[in-house]
Structures are given as C-alpha cells and as structure tokens.
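Spelled out from the first residue to the last, the chains are:
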Amino acid sequence: MALLLGEALEALRDAVTRRGSWNIFHLPSLTKVDLFMLRESPFDASEFARRRRIVLPPEGRGLSIKSPEDTVLRKLLCFRDGGENSTSQWRDIVQVLRVSAGVLDASYLDEWAGRLGVAALLANAREAAG
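Attention in this report is confined to the structure presented alongside it. The structure presented is a predicted model; accordingly, all values stated were derived computationally and were not measured.

Definitions and cut-offs
- Residues numbered from 1 in each chain as written.
- Predicted model: local features only at pLDDT ≥ 70, side-chain atom pairs only at ≥ 80, totals over all residues.
- Heavy atoms only, no water.
- Buried < 20%, exposed > 50% of the residue type's maximum accessible area, 1.4 Å probe, protein only.
- Helix = DSSP H or I, 4+ residues; strand = E, 2+ residues; numbered from the N terminus.
- Arc of directions from axis to C-beta.
- Contact = heavy atoms within 4.5 Å.
- Pairing = 2+ DSSP bridges.
- 1 Å grid on protein atoms, 1.4 Å probe; cavity = no way out; pocket = protein on both sides within 12 Å on 5 of 7 lines; lining within 4 Å.
- Points joined across faces, edges and corners; volume = space filled by probe spheres on them.
- Nonpolar A, V, L, I, M, F, W, Y, C, P; charged D, E, K, R; others polar.
- Expected span 1.5 Å × (residues − 1).
- Polar contact = N/O pair within 3.5 Å; in protein donor to acceptor, adjacent residues only side chain to side chain.

This part takes up helix α6 (residues 119-129). Along α6, the residues classified as buried are L121, L122, A125 and A129. The arc that holds every buried residue of α6, seen down its axis, measures 100 degrees, which confines them to one face. Relative to its buried face, α6 has exposed residues pointing more than 90 degrees away, namely A120 and E127. The inward-facing, buried residues of α6 contact α3 (68-81), α4 (87-99) and α5 (106-116). Positioned one or two residues after α6, G130 has a phi angle of 85 degrees, which is positive.

This is the structure:
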C-alpha cells in the first residue's frame, strides 16, 4: 500500500509540475473528480475567475467547480486535441449543453469558442444537444 501511495504522490507532483490534470475519487459517493492545474493562458484565467463554490453534504465541505460554459469549452478543446474521436468527451459536452440549457451564457460560449478555434465543434454539439 505504501508503494502505491508513493507512486500516486509522485504522479501528482508530475501533474503539478507540467500543469496537467489529476483524478481523485470520493468513494462514499462513487464520484470521480478531475483536477486541472492552473495554466497561464487568458482562457485559463477566465475559467478560474468564473469558478463556482458548492457545498458537499453531509460533511458540508466546500469545493470549487468550473462553470458549465467552461466545462463545455475545456471538453471541446480536449475533444479536438484528441483527434475528435473520443465518444466519452463528446457525450459529456452534449449532456452539459442539455442539462444546462436554460442557464448557459451563450455569448461567453460563442466568444471563447471563436477565440479557441472550436466554434464549429460547438455548433455541432449544440445541434446534437437539440
């Protein structure tokens, strides 16, 4: 067990050093959480500034999460950078668009999709979301 913990800590340090991502799991709720290290691009700064604080029951601990718009944009980037063939990324994008349809900031999405070069993918995802 100690060896696995040591390997996990080393992998986490590596993710922080290269400003990559890391996953943690909340076993009581069987929830996977993706952690993304803050980078220095204008989009990263915007994404970080728009984070939202939620409280997790029953402990009442707080957690910062991305806005649904930034989740869609980040996943569009990952989908594009992965060769546009990840069905799980695409499914997530479409589902976030569906679930958040009434609260999404469309102008923010359109502006950043254009700046990030994923406007056509966003249009396709919106069509798929209905």
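Now for the pairing of strand β2 (residues 31-36). Sheet analysis places strand β1 (residues 21-26) next to β2, joined by six bridges and oriented antiparallel. Residue pairing in the sheet places W22 in a bridge with L35 of β2. Connecting β1 to the next strand, β2, in antiparallel fashion are four residues, including L30 with a positive phi near 55 degrees.

Right, let's get into the layout of surface pockets. In this model, the largest pocket occupies a volume close to 1500 Å³. V33, D34, L35, F36 and K66 are, among the 41 residues lining the largest pocket, the residues nearest its centre. Among the elements that line the lining of the largest pocket, the one with the most residues is α3, at seven residues. When the residues that make up the lining of the largest pocket are grouped by side-chain class, the tally is 17 nonpolar, 11 polar and 13 charged.

Look at α4: 18 Å from first C-alpha to last across 13 residues, which is about the 18 Å you get at 1.5 Å a residue. Q89, I93, V94, V96 and L97 are the residues of α4 that are buried. Along α4, the residues classed as buried sweep out an arc of 160 degrees about the axis, all on the same side. Within α4, the exposed residues directed more than 90 degrees away from the buried face are T87 and V99. On its buried side, α4 packs onto α3, α5 and α6.

Summarising the element assignment, R74 is placed in helix α3. Within the local environment of R74, its side chain forms a polar contact with the side chain of E47, the two groups lying 2.6 Å apart. The residues contacting R74, other than those within four sequence positions of it, are F43, D44, E47 and K66.

These figures capture arrangement, not role.
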